[in-house]
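Given next are the chains, with one letter for each unit.
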Amino acid sequence: MTNTIEARSTTGTAPQERRGVPGVITRHPLLTFFTLALGLSWLAWVPYILSPHGMGVWDIHFPEVLGSAQFTGVLPGALLGPLGSAFIVTAVADGRAGLRRWVGRLFRWRVAWYWYALALVVVPALIVLSAVPFAGGDVHAPSALALSALVPGLVIQLFSTGLSEEPGWRDFALPRLQHRFGGLGAAAVLGPIWALWHMPLYLSDWGGWPNAHWSEPVVFALFTITFNVVMIQVFNKTGESLPLALLLHVGVNNTISSLFPEMYPSMTAGTLMIGLTIMSTVAAVVLLVVTRGRLGYDPARRALPIDAPIPSRATTSLVGSHDGNR
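Being a predicted model, the structure only gives us computed values, none of them experimental. (Residues numbered from 1 in each chain as written. Predicted model: local features only at pLDDT ≥ 70, side-chain atom pairs only at ≥ 80, totals over all residues. Heavy atoms only, no water.)

1. A word on helix 9 (residues 242–263)
Put simply, the test is: In this description a helix means any DSSP run of H or I spanning at least four residues, a strand means any run of E spanning at least two, and both kinds are numbered starting from the N terminus. Multiplying one less than the number of residues by 1.5 Å gives the expected span of a helix. The seven residues ending at a residue and the seven starting there each receive a fitted axis; the angle between those axes is the bend at that residue. Note on classification: 1.4 Å probe, protein chains only; a residue is buried when its accessible area is under 20% of the maximum for its type, exposed when over 50%, partly exposed between these limits.
For helix 9, with 22 residues, the first-to-last C-alpha span of 30 Å sits near the 32 Å given by 1.5 Å per residue. A maximum bend of about 30° is found in helix 9 at S257, where proline P261 lies one to four positions downstream. Most of helix 9 is tucked away, with 18 of its 22 residues classed as buried.

The following block contains the structure:
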């Protein structure tokens, strides 16, 4: 038996446009992602915000894990929002190939050692130093127990906060934003949305409700917007390495939660955020000036398809290794 293959001309034909919800998602992936990321997280956080852990309207109690109910009350919404939305939009808009690219950034860990030193040593040290001017002299050396909690805390943060947020904000949204608006434009869009996503949590114990001053979410938003600039620079200069973005993000959270209660016992959350915000703002301004707003993103890439690989020559210089596009 022989197989007969019919040759058909494809000249003048165009791929059939998708209709319905899949068509909307395919044509507007960023808008869909941001809408779902905010909407799904906020909806999932409603019970926690209205519970005794927040406004106290509903008599719903969330079980505590590691001494906090935020793992059961806040984390599910975080996972459902940025992570879940990125998966849904990528699967619908880009299919299996898109999912492979999306997941692939999670394994781009082969970058130069100094990037790990930046995320694990330099940035945490700067975070600790940023609080010294606001401590009023009440500064203590961390105990051996606090220091020993750094590594376990980092692992927990990686698999909770890190994996719930970064596959959405940096892995999914940032490459698309930069392809459309460049480095500065991407920072101007992503930073405020990232800050806005957190805002409902200020109605719960996550944000110090009901004792937090009205200015605290404002300062936190400014920190998020400026620190986002730093994260974009690191993400681009490491060849879009998601592991570095994860470490940079959770390194901030882990340093504060592990060391600050002992080192700065009289400092409030609002006060420590002031020091962090000043430092991140200075870093963001310096990076924007030095890179002329590019933040490590090559404008020539905007002329290429969004899924085009990073050129090997650029990857070698940015990542600091000779392993091609890994």
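2. What to know about the packing of helix 7 (residues 150–198) against helix 8 (residues 215–237)
Rules: Note on geometry: axes are C-alpha line fits, over the in-contact stretch for helices, and angles between N-to-C directions span 0 to 180 degrees. In these notes the angle categories are as follows: under 35 degrees is roughly parallel, over 145 is roughly antiparallel, 65 to 115 is roughly perpendicular, and the rest is oblique. By definition, any crossing whose near helix is turned counterclockwise from its far helix by less than a right angle is left-handed, and any crossing with a clockwise turn is right-handed. Classification used: nonpolar for Ala, Val, Leu, Ile, Met, Phe, Trp, Tyr, Cys and Pro, charged for Asp, Glu, Lys and Arg, polar for all others including Gly.
Orientation of helix 7 relative to helix 8, taken along the N-to-C sense of each, is 140°, at an axis distance of 9 Å. Here helix 7 is positioned oblique relative to helix 8, judged by the angle of their axes. The handedness of the crossing between helix 7 and helix 8 is right-handed. In the contact of helix 7 with helix 8, the residues fall into 16 nonpolar, six polar and two charged.

3. Topic: the confidence of the model for the chain
The predicted coordinates should not be examined in detail at positions where pLDDT is low. Where we set the bar: For every residue, the predictor states its confidence as a pLDDT score lying anywhere from 0 to 100. Any two residues whose heavy atoms approach within 4.5 Å are treated as being in contact.
Within the chain, residue pLDDT values average 89, and 90% of them lie at 70 or more. Ranking the elements of the chain by mean pLDDT puts helix 11 (residues 312–319) last with 42 and helix 2 (residues 29–50) first with 98. Long-range and interchain partners of residues 312–318, a stretch whose pLDDT sits below 50, account for eleven contacts in this model, where long-range means more than four residues apart. In this model residues 320–326 is a low-confidence stretch, pLDDT under 50, and it forms 15 contacts with partners more than four residues away in sequence or in other chains.

4. Things to note about the packing of helix 5 (residues 113–130) against helix 9
Interaxial distance between helix 5 and helix 9 falls to 9 Å at its minimum, and their mutual angle equals 35°. As helix 5 runs across helix 9, the sense of the crossing is right-handed. Contact residues: helix 5 offers W115, Y116, A119, L120, V123, P124, I127 and V128, while helix 9 offers L244, L247, L248, G251, V252, T255, I256, L259, F260 and M263. Residue classes in the contact of helix 5 with helix 9 are distributed as 16 nonpolar, two polar and no charged.

5. Description of the packing of aromatic side chains
For the record, the criterion: A pair of aromatic rings is counted whenever rings of Phe, Tyr or Trp (Trp by its six-membered ring) have centres within 6.5 Å, and the orientation is called stacked for planes under 30 degrees apart, edge-to-face for over 60 and tilted otherwise.
A full pass over the atoms with the stated rule returns 14 aromatic pairs. With a centroid separation of 5.8 Å and an interplanar angle of 75°, the aromatic rings of F33 and W169 are classed as edge-to-face. With F33 in helix 2 and W169 in helix 7, the pair connects residues that are 136 residues apart, well separated along the chain. Ring centres of W206 and F220 lie 5.7 Å apart, and the angle between their planes is 90°; this geometry places the pair in the edge-to-face category. On the criterion of sequence distance, the pair formed by W206 in the loop between helix 7 and helix 8 and F220 in helix 8 is long-range, its members being 14 residues apart. A residue is classified by how much of its surface remains accessible, and W206, at 28% relative accessible area, is partly exposed. Relative accessible area serves as the criterion here: at 11%, F220 is assigned to the buried category.

6. Overview of the nonpolar core
Going by this rule: To define a nonpolar core, start from buried Ala, Val, Leu, Ile, Met, Phe, Trp, Tyr and Cys residues and group those joined through side-chain atoms within 4.5 Å.
Judged by nonpolar contacts, the single largest core of 72 residues is most densely connected at F33, F34, W169 and F260. Among the elements of the structure, helix 2, helix 4 (75–104), helix 5, helix 7, helix 8, helix 9 and helix 10 (269–290) are those that each provide at least two residues to this core. A per-element tally of this core places helix 7 first, with 13 residues. Apart from the residues lying within four places of it in its own chain, the contact partners of F34 are W169, A173, L177, V189, L190 and I193.

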